[in-house]
Amino acid sequence: MSIEILKRAPDELELAAKRTKQDLALSTTQDSNLPPRTSDLAAPIMHLTGHAAEVFCCKFGPYGDILASAGFDRQIFLWNVFGECENIACLPGHTGSISQICFTKDGTHLISASTDKSMAMWDLEAGVRVRRFKGHQSFVNSCDVSDGPTMICSGSDDGTIRLWDSRRRHCVKTLNNKYQVTAVCFTEKADNIMSGGIDNHIKMWDLKHGEVSIEMKGHCDTVTCLSLSPDGNFVLSNSMDNTVRMWDVRPFAPANRCLKAFVGAQHNFEKNLIRCCWSPQGTKIVSGSSDRMVYVWDTSSRKLLYKLPGHSGSVNDVDCHPTQPILMTASSDKSVFMGELK
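Residues numbered from 1 in each chain as written. Predicted model: local features only at pLDDT ≥ 70, side-chain atom pairs only at ≥ 80, totals over all residues. Heavy atoms only, no water.

Draft legend 1. How the structure looks around the overall build of the protein chain. Counting its secondary structure elements, the protein chain contains two helices and 28 strands. A compact globule built from 342 residues would reach a C-alpha radius of gyration of about 20 Å, and the protein chain, at 22 Å, matches this within 12%. On the principal axes, the C-alpha backbone points of the protein chain span a range of 80 × 45 × 35 Å. The contacts of the protein chain with a sequence gap of at least 6 include a subset with a gap of at least 24, amounting to 43%. Only carbon and sulfur atoms are counted for the fraction: they give 51% of the accessible area of the protein chain, which is about 16800 Å². Across the protein chain, the centroid of the 37 positively charged side chains sits 5 Å from that of the 38 negatively charged ones. (Helix = DSSP H or I, 4+ residues; strand = E, 2+ residues; numbered from the N terminus. Rg over C-alpha atoms; globule rule 2.2 N^0.38 Å. Contact = heavy atoms within 4.5 Å. Areas by Shrake-Rupley, 256 points an atom, 1.4 Å probe, with all protein chains shown as cover. Lys, Arg positive; Asp, Glu negative; His and termini not counted. Charge placed at Lys NZ, Arg CZ, Asp CG, Glu CD.)

Draft legend 2. Up close: the sheet that holds strand E23 (residues 284-287). Ordered by their spatial adjacency, four strands build an open sheet running E22-E23-E24-E25, and the pairing between neighbours is antiparallel. Each edge of the open sheet is held by one strand with a lone partner, namely strand E22 (276-278) and strand E25 (304-308). Pairs of neighbouring strands in the sheet enclose a mean axial angle of 15°, with direction left out of account. Bridge count between strand E24 (residues 294-298) and E25: four bridges; the pairing is antiparallel. (Pairing = 2+ DSSP bridges. Axes fitted to C-alpha atoms, helices over the stretch in contact; angles between N-to-C directions.)

Draft legend 3. Geometry of the pattern of salt bridges. Using the criterion set out here, one finds six salt bridges in the structure. Linking Glu340 and Arg37 is a salt bridge whose minimum nitrogen-to-oxygen distance equals 2.8 Å. Placement of Glu340 in strand E28 (residues 335-340) and of Arg37 in the loop between helix H2 (21-32) and strand E1 (45-49) is noted, with a sequence separation of 303 residues between them. With a shortest N-O distance of 3.6 Å, Asp147 and Lys105 are connected by a salt bridge. A residue pair is termed long-range when its members are at least 10 positions apart, and Asp147 in the loop between strand E10 (140-145) and strand E11 (151-156) and Lys105 in the loop between strand E6 (98-103) and strand E7 (109-114) qualify at 42 residues. (Salt bridge = Lys/Arg side-chain N within 4 Å of Asp/Glu carboxyl O.)

Draft legend 4. Layout of the confidence of the model for the protein chain. When the pLDDT values of the protein chain are averaged, the result is 90; 91% of them are 70 or greater. Under a pLDDT of 50 for its full length, residues 1-19 has, in the predicted model, four contacts with residues more than four places off or in other chains. For residues 24-30, every residue scores under 50 in pLDDT, and the model assigns this stretch two contacts once sequence neighbours within four places are set aside. (pLDDT = per-residue confidence, 0-100.)

Draft legend 5. Fine view of the packing of aromatic side chains. Per the stated rule, a full pass over the model turns up five aromatic pairs. Each ring, one from Phe56 and one from Phe72, has its centre 6.4 Å from the other, and the planes form 80°; the classification is edge-to-face. On the criterion of sequence distance, the pair formed by Phe56 in strand E2 (residues 55-60) and Phe72 in the loop between strand E3 (66-71) and strand E4 (76-80) is long-range, its members being 16 residues apart. Measuring from centroid to centroid gives 5.7 Å for Phe262 and Trp297, while their planes differ by 50°, and the two rings are tilted. Taken together, the residues span a long stretch of sequence, with Phe262 in strand E21 (residues 258-263) and Trp297 in strand E24 at a distance of 35 residues. Of the two residues examined, Phe262 and Trp297, each falls in the buried class. (Phe/Tyr/Trp six-rings, centres within 6.5 Å; stacked < 30°, edge-to-face > 60°. Buried < 20%, exposed > 50% of the residue type's maximum accessible area, 1.4 Å probe, protein only.)

Draft legend 6. Highlighting the nonpolar core. Counting 16 residues, the largest nonpolar core has Phe60, Leu67, Met328 and Met338 as its most contacted members. For this core, the elements supplying multiple residues, two or more each, are E1, E2, E4, strand E27 (326-331) and E28. Once residues within four sequence positions are removed from consideration, Phe60 is found in contact with Ile66, Leu67, Val81, Phe103, Asp319, Cys320, His321, Pro322, Ile326, Met328 and Met338. The next biggest cluster of nonpolar side chains, apart from the first, holds 14 residues, and it includes Ile76, Leu91, Phe103 and Leu124. (Core = buried A, V, L, I, M, F, W, Y, C linked by side-chain atoms within 4.5 Å.)

Draft legend 7. Region of interest: the state of the cysteines. One pass over the full model with this rule turns up zero disulfides. The thiol sulfur of Cys58 is not disulfide-bonded, and the nearest other cysteine sulfur, from Cys57, lies at 7.5 Å. Lacking any disulfide linkage, Cys225 is separated from the closest cysteine sulfur, that of Cys276, by 3.8 Å. (Disulfide = S-S within 2.5 Å.)

Draft legend 8. A look at the sheet that holds E11. Taken together, four strands build an open sheet; the order of strands is E10-E11-E12-E13 and the sheet is antiparallel. Where the open sheet ends on each side, the last strands, each with one partner, are E10 and strand E13 (171-176). Averaged over all pairs of adjacent strands, the angle between their axes in this sheet comes to 20°, without regard to strand direction.

Structure below.
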C-alpha cells in the first residue's frame, strides 16, 4: 500500500496565503454542511481490495473489531474494521471456493463452508485451521453456529443437513432432504435447524426426532439465504424469485407464517447464493442483489430506505455491524465495501 503526497507549487502556496476572511468563512460553512458522522470508521465509506476473485461472503466479528471475507480465491481474509482497515491475516487451506463463513459467538474461531465438500474451524488468534469437518458428498453451500455450546450445522448439494459438534471430528446427526440444500440456520435455542433449497420450501427440522416439524411455502424459486432475527422470533429468506420474505417461526404462529415480502433485490443468470441480513435491532432488512445494488428496507413498513450503488459486480453478501450503523457488502467485483448509515 502506498500513500501519495501531493506537493503544491510556490505560486499556489502564495495564492492560498492570500485567501480573505470571507473565503475562510465560506469554507468553514461548507464543511459544516457535510452530513454528521455516525460511526468510528476512518471515512464514511471504506473500500477493501486484495481478493484475487469473486467475494462470496463477509462477516463482522461478534465484537465488531474485525471482519472476515472469502470467496472464489479459496482464502479467508481477516481485516481490522477501524483505522486503516489493514489486512491482518490470510487463511489458506480450502481447495475449493468458500461459500459461507460465520464466527463463533465468543469470536475466537471462524467456521467456513466450501465447495471442496468440507468445512473448517479456524483459530483466529493463531491463524491456523484446528479442525476439518468431512462427510458431505458434494458442495457445502451454507453453515451456521449455535449460541450455546458450539454446535455447527451445514447444508449441501448432496441433499443433507448435517449437525456437528466442534469438539468432534465426525458428524453427530444427518438429516436427509430430497433436494439440494442451499441455506441453513439454527433457531434461537438450537433445538431446530431451518433449511432452504431448490425445492423452494423452508423446512424446520426437529433435532430430537430428526424430522420436519414445520414446512413454509411461498417462494417460487431456490432459497439462497436464511437469517434469524435478533429476537429469534422471525426468519428472513432470500430467493431467486426476486423476493425477500419474513416468516414467523414462533411455536404457535398461524398456519400462514409468511408475514411480509420485500421486493427490489434481483437475481440473474449467474445464480449466485445472494444473502440478506437483519440490522442488530431488527428494524432494518438488508439484501445484496445481482444488479450491483444494496437494498435496505424498513422492517415494519417495508419501505425501501436505501438503494446503494458502488459495486461493479453482483453483491453476494451483506452484514451489519453489531454495535454501530455500519453496513458491509461483498461482491463479484473482488472487493468489500463498508459504509455508515444514518
